[in-house]
Amino acid sequence: MTDSTFKSGYVAIIGRPNVGKSTLINRILGQKLCITSRRPQTTRHRILGIKTSEASQLIYVDTPGLHFDGKRAMNRYMNRAAASSIEDVDVILFVIEGLKWTDEDAKVLERLQSNARVPVILVLNKVDKLSNKNDLLPHIAELAKQYDFAHVVPISARKGVNVEQLETEILKLMPEGELIFPEEQLTDRSSRFLAAELVREKLFRHLGQELPYSITVEIEEFKQEKELYRISAVIYVERDGQKNIVIGKKGELLKSVGKDARIEMEQLFDCKVFLQVWVKVRDGWSDNERMLKNLGYTDEL
Ligand SMILES: Nc1nc2c(ncn2[C@@H]2O[C@H](COP(=O)(O)OP(=O)(O)OP(=O)(O)O)[C@@H](O)[C@H]2O)c(=O)[nH]1
Ligand SMILES: [Mg+2]
């Protein structure tokens, strides 16, 4: 491991919401670490995914999608978490979606143009959705005029297409270095944090369009007892009506959320889990800096 050719460093994954950043990190790690969903703005916190091999340790930084219209304190928090990840990394992956190019993509590119000091790889994700892959070439040529990308790599994070090639290109750009984290470590986040995220993901999945934007999850109890994790989670919404939606008819929705979250927690922690889930109303939390801090939305950098 002390071989002088060992490489290590940080890789930030940035892009507008919903392009597949978290899906990509999970694919690279070969493990579900970050939550994903069809809805934009799923990721709210910066989270590290660490991949260690014989020859390298690459630390991937998943970030909230950069977006430019939200005014609430939580939006500001999310943008700060994303923007600060551009600094202090060795490589940046700028993820976009296939042939789509939106105003938000252009704004992310502007940020890179003014702030990025390290190589940027342009990643065109979701190519599995393209009917004609030949359309990619003119699109790539157009984008390459706007920025001197180190590489342009079309991939499908969901299907795993071309992701190994992407990793090879990343590795070439990495500096030599020692292990930064212990080799078995997967993330910088606690099991408690990951448990809350899994409950939030299941809410995103089960609620679809009915999902209140202002929903968050806090773990009240996280206890290890012999062969079992005893976890108690509270879902915070901002109004009574939202509480009823989350609970669902006869409590069915909340039950499904709890069951799905528990199954994935058991996989992630490799241990039996006893999970209880409650719903509480806490008015105005998403636009209140103090409440945000209490709920774990603190700047980590
Ligand atoms: N067809 C297809 N869908 C994908 C691919 N990668 C991601 N998706 C889907 O795109 C949606 C968004 O994925 P996420 O990984 O949550 O996107 P994100 O960029 O992390 O989004 P935010 O956290 O909101 O910024 C999910 O429904 C994914 O399943 C892909 O390669 N192909
Ligand atoms: Mg995400």
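Keep in mind that this is a model prediction, so the values were computed, not measured. As a convention, each chain's residues are numbered from 1 in the sequence order in which they are written. The naming scheme follows written order: chains are lettered A onward, ligands numbered 1 onward. Since the coordinates come from a predicted model, pLDDT governs what is reported: local features require at least 70, and pairs of side-chain atoms require 80 or more to be given and counted, while whole-chain, interface and lining totals use all residues. Remark: hydrogens and water are excluded; side-chain values derive from all non-hydrogen atoms of the structure.

1. With respect to the overall build of the chain
We count it as follows: Only runs of H or I of at least four residues qualify as helices and only runs of E of at least two qualify as strands under DSSP, and these elements are numbered from the N terminus. The globule rule used here is 2.2 Å times the number of residues to the 0.38 power, and the radius of gyration it is set against is calculated over C-alpha atoms. Think of it in three bands: residues with accessible area under 20% of the maximum for their type are buried, residues over 50% are exposed, and the middle band is partly exposed, with areas taken using a 1.4 Å probe on protein chains only. Residues are treated as being in contact if the distance between any of their heavy atoms lies within 4.5 Å. Only the protein chains shown count as cover for residues, with accessible areas throughout obtained via the Shrake-Rupley method and a probe of 1.4 Å. Asp and Glu are treated as the negative residues and Lys and Arg as the positive ones, with His and the ends of the chain left uncounted. Charge coordinates come from a single atom per side chain, which is NZ of Lys, CZ of Arg, CG of Asp or CD of Glu.
Of regular secondary structure, the chain possesses nine helices and nine strands. The globule rule puts the C-alpha radius of gyration for 301 residues at 19 Å, and the 20 Å found for the chain is close to it. Expressed as lengths along the three principal axes of its C-alpha atoms, the size of the chain is roughly 55 × 45 × 40 Å. For the chain, the residues scored as buried account for 50% of the 301 residues in total. Within the chain, contacts between residues separated by at least 24 positions form 72% of all contacts whose residues are at least 6 apart in sequence. Within the structure as shown, the chain displays about 14600 Å² of accessible surface, and the carbon and sulfur contribution to it stands at 47%. Across the chain, the 45 positively charged side chains and the 44 negatively charged ones have centroids separated by 7 Å.

2. Points about the sheet that holds strand β1 (residues 7-14)
Pairing between sheet strands relies on hydrogen bonds along the backbone, with the strands arranged either parallel or antiparallel. Defined as follows: Strand pairing requires that DSSP identify at least two bridges connecting the strands. Interaxial angle, 0 to 180 degrees, is taken between N-to-C directions of lines fitted to C-alpha atoms, where a helix line uses only the stretch in contact.
Taken together, the six strands give an open sheet; going across it, the order is β2-β3-β1-β4-β5-β6, and neighbouring strands pair in mixed fashion. Here the strands that pair on one side only, and so sit at the sheet edges, are β2 (47-52) and β6 (151-154). Across the sheet, the mean angle from the axis of one strand to that of its neighbour is 25°, orientation sign disregarded. Alignment of strand β4 (residues 91-97) against strand β5 (residues 120-125), held across six bridges, turns out to be parallel. Within β5, the residue paired with leucine 93 across the bridge is isoleucine 121. The strands touched by helix α4 (residues 136-146) are β4, β5 and β6; relative to β5, the strand with the most contacts, the crossing angle is about 150°.

3. Structural notes on the site of ligand 1
Definition in use: Residue proximity to a molecule or strand is established when one non-hydrogen atom of the residue lies within 4 Å of it. Here a polar contact means two N or O atoms within 3.5 Å. Within protein one must be a hydrogen donor candidate and the other an acceptor candidate, and residues neighboring in sequence count only if both atoms are side-chain atoms. We call Asp, Glu, Lys and Arg charged. Ala, Val, Leu, Ile, Met, Phe, Trp, Tyr, Cys and Pro are nonpolar, and the rest, Gly among them, are polar.
Within the structure, ligand 1 sits among 22 residues, and Lys21, Thr23, Gln41, Thr42 and Asp128 are positioned closest to it. The separation between a nitrogen atom of ligand 1 and a polar side-chain atom of aspartate 128 is 2.7 Å. Between an oxygen atom of ligand 1 and a side-chain N or O atom of arginine 158, the distance comes to 2.9 Å. The protein chains hide 94% of the 650 Å² of surface that ligand 1 would expose on its own. Residue contributions to the shell around ligand 1 peak at three residues, all from helix α1 (residues 21-29). Classifying every residue of the shell around ligand 1 by side-chain character gives four nonpolar, twelve polar and six charged.

4. Focus: the packing of helix α7 (residues 240-247) against helix α8 (residues 252-269)
α8 packs onto α7 with a crossing angle of 65° between their chain directions and a minimal axis gap of 5 Å. In contact with Ile245, Val246 and Ile247 of α7, α8 contributes Glu252, Leu253 and Leu254. Along the lines of polarity and charge, the residues of the contact of α7 with α8 split into five nonpolar, no polar and one charged.

5. Considerations on the domain arrangement of the chain
So the rule is basically this: All the domain ranges listed were derived from an automatic or database domain assignment. Throughout, buried area stands for the accessible area (probe radius 1.4 Å) lost by two parts on being put together, summed over both.
Assigned domains of the chain: these are domain 1 (7-173) and domain 2 (191-294). On a C-alpha basis, the centroid separation for the pair domain 1 and domain 2 is 27 Å. Every contact between the two is made by 19 residues of domain 1 and, on the other side, 25 residues of domain 2. Here domain 1 meets domain 2 over a buried area of about 1900 Å², counting both sides, of which 51% is carbon and sulfur. When the buried surface of domain 1 facing domain 2 is broken down by residue, Ile35, Arg39 and Arg44 rank first, second and third, together holding 33% of it. On the surface where domain 1 and domain 2 come into contact, there are seven residue pairs in polar contact (both at pLDDT 80 or more).

6. As for the environment of lysine 107
Note that lysine 107 resides in helix α3 (residues 103-115). Sequence-wise, lysine 107 and leucine 137 are 30 residues apart; in three dimensions their C-alpha atoms are separated by 22 Å.

7. Section: the coordination of the magnesium ion (ligand 2)
Going by this rule: Coordination here is defined by N, O and S atoms within 2.8 Å of the metal (3.2 Å for Na, K and Ca), and since water is not considered, a site can look incomplete.
Within the protein, Ser22 (OG) and Thr43 (OG1) serve as the donor atoms for the magnesium ion (ligand 2), at 2.0 to 2.2 Å. Taken together, the positions of serine 22 in helix α1 and threonine 43 in the loop between α1 and β2 put the pair 21 residues apart, joining distant regions of the chain. Residue serine 22 is classed as buried on the basis of its relative accessible area, which comes to 7%.

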